[in-house]
Structure formats: structure tokens, C-alpha cells
Amino acid sequence: MASHRVGETGLSDSGPSHHHHHHQHLPYSVFPAFNPPNTGFINQEGSAFDFGELEEAIVLQGYKIHSDETKLPLYTTVPRPAATLDMFPSWPMRVHQTPRGSNSSTDSGSAVNAAIASKPETHSHIEAESPISSNSRKASSDPQQQQQEAIYRQQLQNLQIPTQQLEMESEGGSPVTTGGSSHSQQAPKPFSEKKKGIGSTSEKPLDVKTLRRLAQNREAARKSRLRKKAYVQQLESSRIRLTQLEQDLQRARSQGMFLGGGGGGGNISSGAAIFDMEYTRWLDDDQRHMAELRKGLQSHLSDGDLRVIVDSFVAHYDEIFQLKTVAAKSDVFHLITGMWTTPAERCFLWMGGFRPSELIKMLSIQLDPLTEQQVVGIYSLQQSSQQAEEALTQGLDQLHQSLVDTIASGSVNDGVHHMAVALGKLTNLEGFVRQADNLRQQTLHQLHRILTVRQAAKCFLVISEYYGRLRALSSLWASRPREAMVSDENSCQTTTDLQMVQSSHIHFSNFG
Amino acid sequence: MHYQQSESWATYMPTATSCQLLERIERLASENAVVIFSVSSCCMCHAIKRLFCGMGVNPTVYELDQEPFGKDMEKALMRLLGTSSPVPVVFVGGKLVGAMDRVMASHINGSLVPLLKEAGALWL
């Protein structure tokens, strides 16, 4: 019995004397001893702190103290400082008899051997059982105790299953030598000891509930570990994909082709891809024109020279409208959904582009001073563009309604016919985008007519800078700080957007 | 091609010369200040109608899908304009303005309103 006492209370001549103090305290003595020795283990596990297992240990510790007065010898005689370290049942417990023998009495040591011998089907977990079963076997002369032991063994089986699973997934769990001086090695064994301790000493119903709860906690901890692993894997694969995409982009750019946002085949039509490529080139041109305008205004060029620059700017915009006409023929949805623009621009999108009346409104503040005639001209331009926009919007609304009616109507038999009709109606979308672009083009031309050369230069510079800022806003928005654990696709784009911000030449100077 | 000399024959013979068609178009166009040739199901025609109504003009609209010789007139208009879609087409004061893009361009550059005023379609 003396040997068992040793196991229970940690008091032993052979064991370190300071263990004694731990066992006298309440379960919360767990904490001081817990953290330092187990950081290594935690890192190995790669998981967050497993409260499930901590709680188990605390509960078990509590039970253990209650059970001190019982005579059932359910603990191994291995005294360890870290009854506190009974957190990690997932580690397999290989029973090494020799160190055990040094710490425990010879009785249990031999009993252990016997137990191991007697259970040939054990895997490493059931080795953990062995001291306990040996102990219980020792005391199993009493039939009542035998019955109880059977129950404990049953409960232990239930508990072993989740811990087995835990063990299977925890990589790098090294075999544990019992009675070793390393704290982490001692961890699993006393835990299972104490598990059995509970079984032997407490009443059955309470025990089952507690055990179930502990098992559930373990499950939860396991699941969170799995989730974290999955997340890390996802991050890794995303990172690899990102580098691959960037490489592809570099390669494609150098070859003069732009593969579009998709990268992976088929989610962008060829017409859209071509347009995106042309648009990217156009944006670079836009920067160039903007720089020319700014330089021209600052260096006070003659009107003639400035006129050349302004005319080239107008031609630059004519070019994009022409490109959009071609793109509308091949992929009108790409234009109308604004997938070729940045998100902030898309927010203000009207029929596949900017809204002319909005532009005029923005400009009218910036364009002072104007002659009275010019003021009238700008005002009537705003009016007429608004009327034209309204007319086109109403026409498009009617198209929407007609499409809805076509798609919604039609029986099963008529299905194909109605689809054909719907397809026919969809072709009208191209006309609307075309007219909207026409409106934009005409508005810019009219501005060019109303304003003097100098005013026009300033006006076009304002326009370019405005859209440049809108594009920059999109980049900044995309790269704003977000929560760490949010795993979304956008995290891949963040890098590229940041690069965009850094590489784009944004002059946040005053307009003109 | 059949040559129909009289109007009455035209009602029995469904075809008409392109000359006759154009004449018909011109005649219809000059009867009112603003004449729009449209097709009832066409959404762009709806847009152009809204444009004029929004300006306070009351246009005369001929729905070619409901007009006699409508189909032929559509073809004639297509040839006249050189575009793929015959409608909408706008005549102001008997003179051809054009299809939607021309109408919008003339509105933006400020030439449409004087034209309307001249034709008596707009007052103010």
C-alpha cells in the first residue's frame, strides 16, 4: 500500500520532495508548472492552447484530491512533479519498465510487466492502461471492486478512442518514457492514471457526464487544430498560386499579351481579354497625356502648341471609345458589368462607362473663370446630356422588362423558342452601350468646342486626374488592413494592389 | 421588281418600288414637324421617343410593324441610312436628322433645339 500512496500523493522517498507541495494544493496549482515545460509540446502540436485538455486535467486533479482517502490503488507509483502536466493524453505512452522501477515500488513495476504481458493486443495506448489495470488487478480480489474496475475500464475505453484520434493526428509526438525526468514525457501517463482514478473513486453518473464533457472538449480542440491546419495549407497554396500568377503576368506582359484577371482558363472571353489588354495600354497612354498637359500648362506654352496637346488628348479618348465599340460587339456583358474597370469606378458605372452629366457637374466647379457665354454653354451641355441619359436609361429599362417577360414566360415546350427570342433581345444591349459611349464622346467634343485651349487643357487634366484618383481609391480600399484569420480570395490580390499603388504615378496635387 | 403606277394597284400588289417607298417616307415625314419611324417592340425607339417627350416635343410616330408596306419601308430606310437597323429614324421639319446616334450628337452639340424651334415643334 505504501507504494500506492506514493503514486497517489506523490509522496515518496525516491521521488522529488517538492512534488508533495503540488498535491497538497488545489487543482489550480496546475498553472505555475504548466507553461514553461510544455511550450515545446505546444509548438510540436502546432495548435492553440487546448483548453479541453487543461480542463480535463483540472477536473481530474480535483477528483484526485477527493479520492485521496480511498484505498483503491489506481495510480501508478510514478511520482511526478507534474501531476500538473496531465494535459496531453494524445501522446502514446510507452511503458519503460526500468525508469518506472526506479520511481515506483517494485510491486507495481512487476505488475506492469505482467499487465503488458497479459494484454498482447495492446497498442501504445493500452500500454497506458497497463499500470492501472495492473493496479486494479492487484486490488481486484474484492468482487465489488472488480465490478467497479470493469466499469472504469469501460469508461477508459470510451476515453481512449478520442485520445487515439488525437494521437494519430499529432505529428511528432514522441514516445513517452514514463518516469523520465522530462516533463513533457510524463504528461500522458499520469493523465490516464488520473482518468482511472476518477473512475475508481467517484460515483458512476457524475463520472460519465464529466468524461463525456471532457471527451467533447478534446474533440473540439482537435477540430480547431484541424481547421487551423487546413487554413495554413490554404494560405500556402494561395501563396504559391500568387507567385505563379505573377510570373505568368510578367511573361505575358513581356510578350505583349494580357491574360486577364482569371489566369486559369476560360473565365474571360477572348474579346474581353483583348479589350482589357488594350485598356491597360490606354491607361499608360493616359498617364503620358496627363503628364504632357501638366507640363504644357506649367511651362506656359503658346496656344498653338497647347492646342496640339489638347487635340491629341481628345483623339486619345476617341481611341478608347472605338475600342469599346469593338469590344461591345464581342462581349457586351464585360463592358456593361464594368469588369474592365476598378471597383470604385464600377460603383459609379452607367451603361458601361462614366455618366457625362456627373462629369460636367464635377468640372463646372473646377473650370472657373468662364465667360457668360461659356457658362450658358456648359449649362445647356449639362441639360442635354442629362436628357439623353434619361432617355437611354428608360430605353434600357424597357429592354430589361421585355427580357424579363420573355425569360419568365413560355412553357416547357416553348422553351427553346423563348430562349431564342431572349437572345435576340440581348443583342440590343450592344446598341445601348454604343449609344452611351457615343454620348460620352460627344460630351467631350462639345467641351472642347466651348472652352478655350487653355481652359480645355486644364479641363482634360482635371478629368484624367479625377479618374486616376478613383482608380487609386480602389487600390487603397483593396489593400486596407483586414482581420488576420479571414481567409478570402482577396488576400491574394492584396499584394498586387499594393504594387499597383506603389507603381502608379498619382499626383495628388491641386487640379491644374 | 414590279412597277406600280397607281396607288390603288399597290393595295392589291404587296410590293412597291423603292422610289415609291421613299416618296411615301418623305411624304409622311413632311406632314408633321417631328416624325419618328419606329417599331413597336424596339427599345431604342422607345428611348428616342422618351428623349423628345422629355424635351417637350410631341412627335408623330409611325410604327412600321403596323404600317402598310412597313417591311419595305424598313428596308428602304436601311438603304437610305446605310445602317444595319432601320429604326429609329427621325425627321425634323421634313428633313432627315438620322438615327439615334446622330440625334444625340445633334442634341449635345446644341443643334437639335434650334432645329426643333425652327420646325415649330418647340416654343420658348
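- Chain B goes by Glutaredoxin in an unreviewed UniProt entry, where it is assigned to Cynara cardunculus var. scolymus.
- Here chain B is described in UniProt, under the heading Subcellular location (unreviewed entry), as follows: "Cytoplasm".
- Per UniProt, chain B carries the Sequence similarities (unreviewed entry) text "Belongs to the glutaredoxin family. CC-type subfamily."

### Quick look at the side chain of His316 of chain A
Residues and elements named next belong to chain A.
Move 1: Looking at the element boundaries, His316 is found in helix α13 (residues 303-330).
Move 2: Its relative accessible area of 2% is what places His316 among the buried residues.
Move 3: Among residues more than four places away in sequence, those in contact with His316 are Trp282, Asp285, Asp286 and His289.

### Thoughts on the pattern of salt bridges
All names here are of chain A.
Move 1: Using the criterion set out here, one finds 15 salt bridges over all chains in the structure.
Move 2: The partner of Asp285 in a salt bridge is Arg288, with the nearest N and O atoms 2.9 Å apart. In this pair, Asp285 and Arg288 are both assigned in helix α12 (residues 270-298), 3 residues apart and thus about one turn of the helix distant.
Move 3: Owing to a relative accessible area of 23%, Asp285 belongs among the partly exposed residues under this scheme.

### Thoughts on the sheet that holds strand β1 (residues 34-38) of chain B
Residues and elements named next belong to chain B.
Move 1: Taken together, the 4 strands give an open sheet; going across it, the order is β2-β1-β3-β4, and neighbouring strands pair in mixed fashion. Strands at the two margins of the open sheet, each flanked by one partner only, are β2 (60-63) and β4 (95-98). Taken pair by pair, the neighbouring strands of this sheet meet at an average axis angle of 25 degrees, ignoring direction.
Move 2: Note: β1 against β2, 4 bridges, orientation parallel. In the sheet register, Ser38 faces β2, and the bridge partner there is Glu63.
Move 3: Along the sheet, helix α2 (residues 18-30) makes contact with β1, β2 and β3 (89-92), crossing β1 at roughly 135 degrees.
Move 4: Most of the contacts of helix α3 (residues 43-55) go to β1, to which it runs at about 165 degrees, and overall it touches β1, β2 and β3.

### Here we look at the interface of chain B and chain A
Move 1: At the interface, 16 residues of chain B touch 20 residues of chain A.
Move 2: Both faces combined, the contact of chain B with chain A buries some 1,600 Å², and carbon together with sulfur accounts for 68% of it.
Move 3: Broken down residue by residue, the surface that chain B buries against chain A is led by Cys43, Met104 and Ile108 of chain B, which jointly contribute 40%.
Move 4: In this structure, the connection of chain B to chain A is made through 0 salt bridges.
Move 5: Counting across the chain B and chain A interface gives 5 residue pairs in polar contact (both at pLDDT 80 or more).
Move 6: Secondary-structure elements contributing two or more residues to the side of chain B that touches chain A are α3 and α5 (100-108) of chain B.
Move 7: Sorting elements by how many residues they give to the side of chain B that touches chain A places α3 of chain B first, with 8 residues.
Move 8: Across the side of chain B that touches chain A, the residue classes tally to 10 nonpolar, 4 polar and 2 charged.

### As for the nonpolar core
Move 1: Residues Phe460 of chain A together with Phe37, Phe52 and Leu116 of chain B are the most contacted members of the largest nonpolar core, which totals 95 residues.
Move 2: Ranked by the residues each element gives to this core, the list is headed by α13 of chain A, at 11 residues.
Move 3: Setting aside anything within four residues of it in sequence, one finds Phe37 of chain B in contact with Ile25, Leu28, Tyr62, Leu64, Met73, Leu77, Val87, Pro88, Val89 and Phe91 of chain B.

### Points about the packing of aromatic side chains
All names here are of chain A.
Move 1: On inspection of all chains with the given rule, the structure shows 12 aromatic pairs over all chains.
Move 2: Centroid distance Tyr279 to Trp340: 4.8 Å. Interplanar angle 85 degrees. Geometry classified as edge-to-face. Here Tyr279, found in helix α12, pairs with Trp340, found in the loop between α14 (332-336) and α15 (343-347); they are 61 residues apart in sequence, far enough to count as distant. Side by side, Tyr279 and Trp340 carry an identical accessibility label, which is buried.
Move 3: Arranged with centres 5.1 Å apart and planes meeting at 80 degrees, the rings of Tyr466 and Tyr467 form a pair that is edge-to-face.

### Re helix α16 (residues 356-366) of chain A
Move 1: Every buried residue of α16 of chain A is accounted for by Pro356, Ser357, Leu359, Ile360, Met362 and Leu363 of chain A.
Move 2: Buried residues along α16 of chain A sit in contact with α17 (372-408), α18 (415-450) and α19 (453-478) of chain A.

### Considerations on the pairing of β1 of chain B
Residues and elements named next belong to chain B.
Move 1: Among the 5 residues of β1, 5 are classified as buried, and the element is accordingly described as predominantly covered.
Move 2: Burial along β1 is two-sided: the face carrying Val34, Ile36 and Ser38 and the face carrying Val35 and Phe37 are both buried.
Move 3: Sheet topology places β1 next to β3; 4 bridges connect them, and they run antiparallel. Residue pairing in the sheet places Phe37 in a bridge with Val89 of β3.
Move 4: In this view, the connection linking β1 to its parallel neighbour β2 by way of α3 has right-handed handedness.

### Points about the environment of Gln374 of chain A
Residue and element names in this part refer to chain A.
Move 1: Along the chain, Gln374 falls in helix α17.
Move 2: Judged by relative accessible area, which is 7%, Gln374 ranks as buried.
Move 3: Through-space distance from the C-alpha of Gln374 to that of Thr452 is 9.5 Å; in sequence the pair is 78 residues apart.
Move 4: For Gln374, the side chain forms a polar contact with the main-chain nitrogen of Thr371, separated by 3.0 Å.

### Notes on the pairing of β3 of chain B
Residues and elements named next belong to chain B.
Move 1: Of the two faces of β3, the one holding Val89 and Phe91 and the one holding Val90 and Val92 are both buried throughout.
Move 2: Across 3 bridges, β3 lies against β4 in antiparallel orientation. Looking at the pairing, Phe91 lines up with Leu96 of β4.
Move 3: Between β3 and β4, which follow one another and run antiparallel, lie 2 residues, and Gly93 among them has a positive phi close to 60 degrees.

### Section: unusual backbone geometry
Move 1: Omega for the bond connecting Val87 of chain B with Pro88 of chain B falls within 30 degrees of zero, at 0 degrees, which places this linkage in the cis form.
Move 2: Looking at where Pro88 of chain B falls in the secondary structure, it is placed in the loop between α4 (70-81) and β3.
Move 3: If you check the backbone angles, Met351 of chain A has positive phi at about 50 degrees while not being a glycine.
Move 4: Within the secondary structure, Met351 of chain A is located in the loop between α15 and α16.
Move 5: Accessibility expressed as a relative area gives 8% for Met351 of chain A, which makes it buried.
Move 6: Look at Phe69 of chain B: it is not a glycine, yet its phi comes out positive at around 65 degrees.

Criteria and thresholds
Residues numbered from 1 in each chain as written. Chains lettered and ligands numbered in written order. Predicted model: local features only at pLDDT ≥ 70, side-chain atom pairs only at ≥ 80, totals over all residues. Heavy atoms only, no water. UniProt positions renumbered as here; feature names shortened; annotations may be inferred. Helix = DSSP H or I, 4+ residues; strand = E, 2+ residues; numbered from the N terminus. Buried < 20%, exposed > 50% of the residue type's maximum accessible area, 1.4 Å probe, protein only. Contact = heavy atoms within 4.5 Å. Salt bridge = Lys/Arg side-chain N within 4 Å of Asp/Glu carboxyl O. Pairing = 2+ DSSP bridges. Axes fitted to C-alpha atoms, helices over the stretch in contact; angles between N-to-C directions. Buried area = accessible area lost by both parts, 1.4 Å probe. Polar contact = N/O pair within 3.5 Å; in protein donor to acceptor, adjacent residues only side chain to side chain. Nonpolar A, V, L, I, M, F, W, Y, C, P; charged D, E, K, R; others polar. Core = buried A, V, L, I, M, F, W, Y, C linked by side-chain atoms within 4.5 Å. Phe/Tyr/Trp six-rings, centres within 6.5 Å; stacked < 30°, edge-to-face > 60°. Right-handed = clockwise from strand over helix to strand, strands pointing away.

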